[in-house]
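Residue-level structural notes
The chain contents come next:
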Amino acid sequence: PGVCNAMETLLVHKDVAETFIPRIAATFRNHAVELRGCQAARALASEIMPASDEDWGAEYLELILAVKVVDDFDGAVDHIRRYGSLHTEVIVTSDYASSQRFIREVNSSVVMVNASSRFSDGNQLGLGAEIGISTTKLHAFGPMGLEDLTTRKFVVLGEGQIRS
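1. Comments concerning the environment of Ser-109
Tracing the backbone shows Ser-109 in the loop between helix H4 (96-105) and strand E6 (110-113). Separated by 34 residues in the primary sequence, Ser-109 and Pro-143 have C-alpha atoms spaced 7.8 Å apart. In this structure the side chain of Ser-109 is engaged in a polar contact, spanning 2.7 Å, whose partner is the backbone oxygen of His-87.

Structure representation (structure tokens):
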């Protein structure tokens, strides 16, 4: 849990929450993961503790997961836009149109469909050894390899030319 590509928040569509949340809560309980959730999630699994507003944007770096039930796709994207870090976002879906919309509308340096967030790693993405990650769009955006830490120097030699 102490890596930057660990899952911190799980958003669950309301149509699957009643069956999915109790199952996932039991799995996480067996692995000593503390769950903090919204009222709807807590109603479906007694072990889920109340989430505070700070939980939705937290990078815990420990065995804690925030769980929120969302009404629809727009609710999930709104949550990501408000609380996301611009690092990595993942959608798990069998609906191709939703996956493509997620790719278009979620503004993170790495966006994944039906894959583990653990693939958000410079080496996994072909950059060689990952040196860092940038969640700003000035210079590098996302995992950074050695090339991202280099700069260019332009040398112009002239004989009095001017730009016209």
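2. Considering the pattern of salt bridges
Here the structure, examined in full by the defined rule, presents 6 salt bridges. One salt bridge in this structure joins Arg-29 and Glu-47, with 2.2 Å as the shortest N-O distance. On the criterion of sequence distance, the pair formed by Arg-29 in helix H1 (residues 14-30) and Glu-47 in the loop between helix H2 (39-44) and strand E3 (49-50) is long-range, its members being 18 residues apart. Between Arg-36 and Glu-34 there is a salt bridge, with the nearest N and O atoms lying 2.6 Å from each other. Each member of the salt-bridge network shares a partner with another, and the members are Glu-34, Arg-36 and Asp-55.

3. Overview of the nonpolar core
Judged by nonpolar contacts, the single largest core of 21 residues is most densely connected at Ile-21, Leu-35, Ala-41, Leu-65 and Val-67. Those elements giving two or more residues to this core turn out to be strand E1 (9-13), H1 and strand E4 (64-70). For Ile-21, the contacting residues outside a window of four places in its chain are Val-12, Ala-41, Leu-44, Ala-45, Ile-48, Val-67 and Val-69. Counting residues in hydrophobic clusters, the runner-up holds 6 residues, among them Phe-73, Val-77, Ile-91 and Phe-102.

4. Regarding the pairing of strand E2 (residues 34-37)
Residues of E2 alternate between two faces, with Leu-35 and Gly-37 buried on one and Glu-34 and Arg-36 left unburied on the opposite face. Across 4 bridges, the pairing between E2 and E4 is parallel. When the bridges of E4 are listed, Gly-37 appears paired with Val-67. Between the parallel pair E2 and E3, the chain is carried across by H2, and the sense of this crossover is right-handed.

5. Some thoughts on the packing of aromatic side chains
Applying the stated criterion across every chain, the model contains 0 aromatic pairs. Here Lys-68 stacks its cationic end above the ring of Trp-56, 5.6 Å away from the centre of that ring.

6. Considering a nonpolar patch on the surface
A cluster of nonpolar side chains, namely Ile-131, Leu-146 and Leu-149, defines an oily patch on the protein surface of about 300 Å² accessible area. On the secondary structure map, Leu-149 appears in the segment after strand E8 (142-144). What makes Leu-149 partly exposed here is its relative accessible area of 47%.

7. Remarks on unusual backbone geometry
Excluding glycine, residues mostly carry a negative phi; peptide bonds, for their part, are mostly trans. Look at Leu-86: it is not a glycine, yet its phi comes out positive at around 70°. Turning to its location among the elements, Leu-86 is positioned in the loop between helix H3 (73-83) and strand E5 (88-91). On the basis of relative accessible area, Leu-86 is assigned to the partly exposed category, the value being 32%. With phi around 55°, Asn-114 is a residue other than glycine that occupies positive phi space. Structurally, Asn-114 can be placed in the loop between E6 and strand E7 (132-134).

8. Some remarks on the packing of H3 against H4
For the pair H3 and H4, interaxial distance at closest approach is 11 Å and the crossing angle is 25°. By the criterion of interaxial angle, the relationship of H3 to H4 is roughly parallel. Here the hand of the crossing between H3 and H4 comes out right-handed. Contacts from Phe-73, Asp-74, Val-77, Ile-80 and Arg-81 of H3 reach H4 at Ser-98, Arg-101, Phe-102 and Glu-105. Partitioned by chemical class, the residues of the contact of H3 with H4 number 4 nonpolar, 1 polar and 4 charged.

The rules behind these values
- Residues numbered from 1 in each chain as written.
- Predicted model: local features only at pLDDT ≥ 70, side-chain atom pairs only at ≥ 80, totals over all residues.
- Heavy atoms only, no water.
- Helix = DSSP H or I, 4+ residues; strand = E, 2+ residues; numbered from the N terminus.
- Polar contact = N/O pair within 3.5 Å; in protein donor to acceptor, adjacent residues only side chain to side chain.
- Salt bridge = Lys/Arg side-chain N within 4 Å of Asp/Glu carboxyl O.
- Core = buried A, V, L, I, M, F, W, Y, C linked by side-chain atoms within 4.5 Å.
- Buried < 20%, exposed > 50% of the residue type's maximum accessible area, 1.4 Å probe, protein only.
- Contact = heavy atoms within 4.5 Å.
- Pairing = 2+ DSSP bridges.
- Right-handed = clockwise from strand over helix to strand, strands pointing away.
- Phe/Tyr/Trp six-rings, centres within 6.5 Å; stacked < 30°, edge-to-face > 60°.
- Lys NZ or Arg CZ within 6 Å of the ring centre and 35° of its normal.
- Patch = residues over 30% accessible without salt bridge, like charges linked within 9 Å, V, L, I, M, F, W, Y side chains within 5 Å.
- Areas by Shrake-Rupley, 256 points an atom, 1.4 Å probe, with all protein chains shown as cover.
- Axes fitted to C-alpha atoms, helices over the stretch in contact; angles between N-to-C directions.
- Parallel < 35°, antiparallel > 145°, perpendicular 65-115°, else oblique.
- Left-handed = near helix turned anticlockwise from the far one by under 90°.
- Nonpolar A, V, L, I, M, F, W, Y, C, P; charged D, E, K, R; others polar.

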